[in-house]
Amino acid sequence: MARSEDIYVKRIYQRIVTLGLVTHGSYIFIYAFLHIYALAAYNVFSVFFYCVMLAVVGKGAYRVAVSVIHVEVCLFVLVSVLAGGWDAGTSLYLIAMASLVYFCPYRHRYVPYLFSLMEMAVFLVLRIYTAAAHTGHVPLSSTAELWLNVYNACAAFGIVLYGAFNARVSAAVSQRILEDENKNLADLANYDQLTGLLSRHAFQERFAQRGADQAVLAMGDIDDFKLINDTFGHACGDDILSAAAELMRRQLSGDVDICRWGGEEFVFLFRDTTLQDAVGEMEGLRRRIKEHLFLCEEGPVYITMTFGVGPIVSGNGLQDAVKQADEYMYIGKAQGKDRVVAAKEEE
């Protein structure tokens, strides 16, 4: 589960428990005002129970909290109806709780429906029992009974509306998280995870969509990179690749697409650019790389890069353009490395 979703879920359950805490707290004053001290004392116990549930939810034990809250509501309704009678409307809480099947912290989706069936059964049994037997040992005036019924109805409808609101928000959050996950998957496919540069796949698409009259492709390779890995370790090599990629992004203009082609090789796509301008930009990058001090845990490291640059011939694909730039780059390697070799220099 995503971190943001985990925080959101915890808040949802904390709010549900807080709602129960506030509701039972209100009953303490209501029953005390009506001089029904036994039920007021019972709700003091319920307030303590929901305080414990807040701690349980805080530890992430949502299944435990939801399960015992369903049982507590059934017990609360049972006690309240047997003591105060059916007409006070406390049984409406069972209907409200039965509707909350979309709050499911369980591994199996059917579990909330089992709790709903339990609450429906308690509701029906209580209704049949109260119709057949005298209940309500606590005398209530008709006015008190009416207003208690109205209060219980409002509270029950409030639970249903609150649950529906959270279900809607939860769906929106899940949709946003799904979109974020899709974006992350797209980033994994389109960007190299070490350097943040374009992947081969994404670079291929950029190449196919370049849409410019003049386009130039360059290829660069870090000189003696195997020696760097053997001397300073692969972790240092990774740090150098990442830092070099950042230098490339800063040095080159924003309309240049940069791809980590593989290992220590990089490919650059210049749109609507002359060969001379592209060579100038690569020469600037070469100097910047050479002058930069790369820091590794093993110590400071200087590196150089060799580049090959060639125009993209109309009708040629990416592999043809890369092959041409690669040939110029290896001419530069043969000439002593740390240089930019372009098509015109071979002629």
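Here the residue index of a chain counts from 1 through its sequence in written order. For this predicted model, a pLDDT threshold of at least 70 governs which residues receive local features, and a threshold of 80 or more governs which side-chain atom pairs are given and counted, while totals over whole chains, interfaces and linings are taken from all residues. Side-chain numbers here rest on the full set of heavy atoms in the structure, without hydrogens or water.

J.: Would you explain the packing of helix H2 (residues 37-58) against helix H3 (residues 62-84) in this entry?
T.: With their axes 10 Å apart at the nearest point, H2 and H3 run at an angle of 175 degrees to one another. Compared by their axis directions, H2 and H3 come out roughly antiparallel. Listed contacts from H3 to Leu 39, Tyr 42, Asn 43, Ser 46, Phe 49, Tyr 50, Met 53, Val 56 and Val 57 of H2 are Tyr 62, Val 64, Ala 65, Val 68, Ile 69, Glu 72, Val 73, Leu 75, Phe 76, Val 79, Ser 80 and Ala 83. Under the grouping applied here, Gly and all other residues not named as nonpolar or charged are polar, the nonpolar ones being Ala, Val, Leu, Ile, Met, Phe, Trp, Tyr, Cys and Pro and the charged ones Asp, Glu, Lys and Arg. Class assignment of the residues belonging to the contact of H2 with H3 gives a composition of 17 nonpolar, three polar and one charged. To get an axis, fit a line to the C-alpha atoms, keeping to the stretch in contact for a helix; angles then go from 0 to 180 degrees between the N-to-C directions. Only DSSP runs of H or I with at least four residues qualify as helices, and only runs of E with at least two residues qualify as strands; both kinds are numbered from the N terminus onward. Geometric relationships in this document are graded by angle, where less than 35 degrees denotes roughly parallel, more than 145 denotes roughly antiparallel, 65 to 115 denotes roughly perpendicular, and other angles denote oblique. Any two residues having at least one pair of non-hydrogen atoms within 4.5 Å are treated as being in contact.

J.: Please explain unusual backbone geometry as it appears in this structure.
T.: Leaving glycine out, the prevailing phi sign among residues is negative, and the prevailing peptide bond configuration is trans. Even without being glycine, Asp 272 reaches a positive phi, approximately 45 degrees. Along the polypeptide, Asp 272 turns up in the loop between strand S3 (265-271) and helix H10 (275-291). Non-glycine residue Asp 338 carries a positive phi angle of around 50 degrees. Mapping Asp 338 onto the fold places it in the loop between helix H11 (318-334) and strand S7 (340-342).

J.: Whenever I open this one, the confidence of the model for the protein confuses me. Can you help?
T.: Detail in the predicted coordinates should be disregarded across regions flagged by low pLDDT. As a per-residue measure, pLDDT tells how confident the predictor is, with possible values from 0 to 100. Taken over all residues, the pLDDT of the protein has a mean of 85, while the share at 70 or more is 88%. Ranking the helices and strands of the protein by mean pLDDT puts strand S6 (residues 305-311) first, with 96, and helix H12 (residues 343-346) last, with 58.

J.: Whenever I open this one, the sheet that holds S3 confuses me. Can you help?
T.: By way of backbone hydrogen bonds, the strands of a sheet pair with one another, either parallel or antiparallel. Between any two strands, pairing holds if DSSP finds at least two bridges. Across the sheet, five strands lie side by side as S2-S3-S1-S6-S7; this open sheet has mixed pairing. This sheet does not close on itself; its edge strands, each paired only once, are strand S2 (256-262) and S7. Each adjacent strand pair in this sheet contributes to an overall mean axis angle of 20 degrees, direction not counted. With seven bridges connecting them, strand S1 (residues 215-222) and S6 associate as antiparallel partners. Following the sheet pairing, Leu 217 is matched in S6 by Gly 310.

J.: So what exactly am I meant to see when it comes to the pattern of salt bridges here?
T.: Pairing between side chains becomes possible if they bear opposite charge and their charged atoms approach one another. By convention in these notes, a salt bridge is any Lys or Arg side-chain nitrogen within 4 Å of a carboxyl oxygen on Asp or Glu. Applying the stated rule across the entire model yields 13 salt bridges. The salt bridge involving Lys 333 is made with Asp 223; its shortest N-O contact spans 2.7 Å. On the criterion of sequence distance, the pair formed by Lys 333 in helix H11 and Asp 223 in the loop between S1 and helix H8 (225-232) is long-range, its members being 110 residues apart. You'll find Lys 333 and Asp 223 in the same group, each marked buried. Glu 246 is the partner of Arg 249 in a salt bridge, and the nearest nitrogen-oxygen pair spans 2.9 Å. Remark: Glu 246 and Arg 249 occur in helix H9 (residues 234-251); sequence separation between them is three residues, near one turn of the helix. If you follow the salt bridges from partner to partner, you end up with Glu 283, Arg 286, Arg 287, Lys 290 and Asp 338 in one network. Each residue is assigned to one of three classes by its accessible area relative to the maximum for its type, calculated with a 1.4 Å probe on protein chains only: buried under 20%, partly exposed between the two thresholds, exposed over 50%.

J.: Can you help me understand H8 in this one?
T.: Spacing of three or four residues puts side chains on the same side of an α-helix, whose turn is 3.6 residues. Taken as a whole, H8 has its buried residues at Phe 225, Ile 228 and Asn 229. Buried residues of H8 fall within an arc of 95 degrees about the axis and therefore sit on the same side. Exposed side chains of H8 directed beyond 90 degrees from the buried face belong to Lys 226, Leu 227, Asp 230 and Thr 231. Of the surrounding elements, those touching the buried residues of H8 are S1 and H9. Just past H8, the residue Gly 233 takes up positive phi, approximately 100 degrees. This arc is built from the directions going out from the helix axis to the C-beta atoms.

J.: When you look at the pairing of S1 in this model, what are you seeing that I'm missing?
T.: Regular strands show a simple pattern: their side chains alternate between the two faces of the sheet. Within S1, eight of the eight residues are buried, which leaves it mostly tucked inside the rest of the structure. Where burial is concerned, the two faces of S1 agree: the one with Ala 215, Leu 217, Met 219 and Asp 221 and the one with Val 216, Ala 218, Gly 220 and Ile 222 are both buried.

J.: What exactly am I supposed to notice about a nonpolar patch on the surface here?
T.: Surface patches are defined over residues having more than 30% relative accessible area and no salt bridge, joining like charges when they lie within 9 Å and nonpolar side chains (Val, Leu, Ile, Met, Phe, Trp, Tyr) when within 5 Å. Here, Shrake-Rupley sampling with a 1.4 Å probe gives the accessible areas, and only protein chains in the shown set may cover a residue. A grouping of Tyr 110, Tyr 113, Leu 114, Leu 117 and Met 120 is seen on the molecular surface, where their side chains present a nonpolar patch of about 560 Å² in accessible area. You can see Leu 114 is positioned in helix H5 (residues 111-132). Among the residues examined, Leu 114 registers a relative accessible area of 48% and is labelled partly exposed.

J.: Looking at this structure, how should I read the packing of H9 against H10?
T.: Relative orientation and spacing of two packed helices are given, respectively, by the angle between their axes and the distance between those axes. Where H9 contacts H10, the axes come no closer than 10 Å and their chain directions differ by 140 degrees. Here H10 runs oblique to H9, going by the angle between their axes. The two elements H9 and H10 meet at a crossing, and its hand is right-handed. Note on element contacts: H10 touches H9 through Gly 284, Leu 285, Arg 288 and Ile 289, opposite Ala 244, Leu 247, Met 248 and Gln 251. Partitioning the contact of H9 with H10 into residue classes produces five nonpolar, two polar and one charged. A crossing counts as left-handed when the near helix is turned anticlockwise from the far one by less than a right angle, and as right-handed when that turn is clockwise.

J.: When you look at the state of the cysteines in this model, what are you seeing that I'm missing?
T.: Here a disulfide denotes a covalent bond joining the sulfur atom of one cysteine to the sulfur atom of another. In this description, the term disulfide denotes a pair of cysteine sulfurs within 2.5 Å. Across all of its chains, the model carries one disulfide by this definition. The disulfide bridge from Cys 236 ends at Cys 296, spanning 2.1 Å between sulfur atoms. Because the sign of the S-S torsion sets the handedness, a value of about 75 degrees for the bond joining Cys 236 and Cys 296 places this disulfide among the right-handed ones. Note that Cys 236 is positioned in helix H9 and Cys 296 in strand S4 (residues 294-296), a separation of 60 residues in sequence.

J.: Which parts of the structure should I look at to understand the environment of Gly 220?
T.: The topology assignment puts Gly 220 in strand S1. When the C-alpha positions of Gly 220 and Tyr 330 are compared, they lie 9.8 Å apart, and in sequence the two are 110 residues distant. With near-sequence residues (within four places) excluded, Gly 220 lies in contact with Glu 264, Glu 265, Phe 266, Phe 268, Met 305, Thr 306, Phe 307 and Met 329.

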